[in-house]
Amino acid sequence: MTARPAQGRATARLRTDAARNRAQILSAARSAFLEAGTAVPLEEIARRAGVNIATLYRRFPNREALIAQVVVDGFGIVLDAARAAATSARTDPPAAVQAFLQSVVDSRDMLVLPLIGGPQTDAPEARELQRDIAAALEDVLEQGRRHTMIRADVTAVDLITTAALLCRPLPHLPPQQAAALTARHLGVFLDGLRPDPSITLPPPPSHQEMADHLLAGPAESTPSRNGRD
């Protein structure tokens, strides 16, 4: 009668250990990818995570699987911020946009995403998360348009690319100065969201077009007419 509870505790402990190992591997992968790119040896990631390489391969059978999960986790963080903004936009759309952008900036050390220098992945879950993010941000903007508090020609792509630009590091600057510049740029962008019929914006790419280009990778350069690169 006592064997089953003991077995249950052992199983629960194994599950807890497995979950902890997985979290440690993903955390180590994020920091390694941000520092050295996705070509960093998997043995180095396992070392940082405090696990052996066999444990890493049990969780992630290859590099592509590990990269995909890191990217998916990043998109999940952005989606949480976008959905929170969609909820708060019902009362204050501009403040919701500000909260979304600030939340993404505050989480940038957790984000290994294509628009901020991270890898592309064709994982279906990543594409679905991207679509959900765009839909949530369009809800935010629709609230702002409805109350004439946000320009009618601003799109979810504008918010996504602005968040990516704000997350980009500013090299060679002390952290306080970099943070102050990021806050200033955020303020300038938010001020530019106000409706102004005197300014016409060029047409933006659609979210699908942008996602397709990111998946395809950098476009090949066109050779010059004189045959030189």
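Residues numbered from 1 in each chain as written. Predicted model: local features only at pLDDT ≥ 70, side-chain atom pairs only at ≥ 80, totals over all residues. Heavy atoms only, no water.

Draft legend 1. Here's a closer look at the overall build of the chain. In terms of regular secondary structure, the chain is built from 9 helices and 0 strands. Long-range pairs, those at least 24 residues apart, make up 73% of the contacts in the chain with a sequence separation of at least 6. Of the accessible surface of the chain, which amounts to about 13900 Å², a share of 54% is contributed by carbon and sulfur atoms. (Helix = DSSP H or I, 4+ residues; strand = E, 2+ residues; numbered from the N terminus. Contact = heavy atoms within 4.5 Å. Areas by Shrake-Rupley, 256 points an atom, 1.4 Å probe, with all protein chains shown as cover.)

Draft legend 2. Expanded view of the pattern of salt bridges. What the rule picks out here adds up to 9 salt bridges. As a salt-bridge pair, D73 and R30 come within 4.0 Å of each other at their nearest N and O atoms. On the criterion of sequence distance, the pair formed by D73 in helix α4 (residues 63-88) and R30 in helix α1 (residues 3-36) is long-range, its members being 43 residues apart. D73 sits in the partly exposed class, given a relative accessible area of 25%. Residues R145 and E138 are paired through a salt bridge, measuring 3.3 Å at the closest nitrogen-oxygen approach. The partly exposed category is assigned to E138, whose relative accessible area is 29%. Connected through shared salt-bridge partners, E35, E44, R47 and R48 make up one network. (Salt bridge = Lys/Arg side-chain N within 4 Å of Asp/Glu carboxyl O. Buried < 20%, exposed > 50% of the residue type's maximum accessible area, 1.4 Å probe, protein only.)

Draft legend 3. Representation of the environment of I160. Tracing the sequence through the fold places I160 in helix α7 (residues 156-167). For I160, a relative accessible area of 16% translates into the label buried. For the pair formed by I160 and F100, sequence separation is 60 residues and the distance between their alpha carbons is 9.9 Å.

Draft legend 4. View of the packing of helix α6 (residues 124-146) against α7. Taken N-terminus to C-terminus, the directions of α6 and α7 make an angle of 110°; their axes are 8 Å apart at the nearest point. As far as their axial angle goes, α7 and α6 are roughly perpendicular. In this structure, α6 meets α7 at a crossing whose hand is right-handed. Counting all contacts with α6, which are made through I133, A134, L137, E138 and L141, the residues of α7 involved are A156, L159 and I160. Considering only residue class, the contact of α6 with α7 consists of 7 nonpolar, no polar and 1 charged. (Axes fitted to C-alpha atoms, helices over the stretch in contact; angles between N-to-C directions. Parallel < 35°, antiparallel > 145°, perpendicular 65-115°, else oblique. Left-handed = near helix turned anticlockwise from the far one by under 90°. Nonpolar A, V, L, I, M, F, W, Y, C, P; charged D, E, K, R; others polar.)

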